[in-house]
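The lines below spell out each chain.
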Amino acid sequence: MTWGPCMFYYHCPECGKKFSYEAGRMEEFGDKFGKCPKCNVMGVYEGDGARMKNDKDYEEVD
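A few points on the structure.

**So, the side chain of Ser20**
Next, step 1: As for its placement among the helices and strands, Ser20 is situated in strand 2 (residues 18–22).
Next, step 2: Ignoring sequence-local partners within four residues, the contact set of Ser20 consists of Met7, Phe8, Tyr9, Tyr58, Glu59, Glu60 and Val61.

So this is what it looks like as structure tokens:
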């Protein structure tokens, strides 16, 4: 049984945007991992793990 991908959840301290990154793509994103896709500032970490119930509130960064 699998729980799906491990996600890291953040919100932007500047614009308030909620966003998430898949942990398995950390190397691919490099220094951009955890940064707001709109403002390009480091997001405020909210948590990580299997997808949360309110996952749809967070934009997954591609």
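Still to come is the rest of the account.
**Section: the environment of Phe33**
Next, step 1: Within the secondary structure, Phe33 is located in the loop between helix 1 (26–29) and strand 3 (44–49).
Next, step 2: Relative accessible area serves as the criterion here: at 9%, Phe33 is assigned to the buried category.
Next, step 3: Excluding its chain neighbours within four sequence positions, the residues that come into contact with Phe33 are Phe8, Tyr10, Tyr21, Glu22, Ala23, Arg25, Met26 and Met42.

**Considering the sheet that holds strand 3**
Next, step 1: Taken in spatial order, the four strands make up an open sheet running 3-1-2-4, and their pairing is mixed. Strands with a single pairing partner mark the edges of an open sheet, and in this sheet they are strand 3 and strand 4 (59–60).
Next, step 2: Pairing of strand 2 with strand 4 involves two bridges; the strand directions are parallel. Looking across to strand 4, one finds that Ser20 is bridged to Glu60.

Definitions and limits used
Every chain is numbered independently, its residues counted from 1 as its sequence is written. Where local features are concerned, this predicted model is filtered to residues with pLDDT of at least 70; where side-chain atom pairs are given and counted, the filter is 80 or more; whole-chain, interface and lining totals use all residues. No hydrogens and no water enter the side-chain calculation; it runs on all heavy atoms of the structure. Counting from the N terminus, the helices are DSSP H or I runs at least four residues long and the strands are E runs at least two residues long. Here, two residues are considered to be in contact whenever any of their heavy atoms come within 4.5 Å of each other. Residue burial is assigned from relative accessible area. The probe radius is 1.4 Å, only protein chains are included, and a residue is buried under 20% of its type maximum, exposed over 50%, and partly exposed in between. We call two strands paired when DSSP finds no fewer than two bridges between them.

Note that every value here comes from positions in space, so none of it alone points to a role or purpose.
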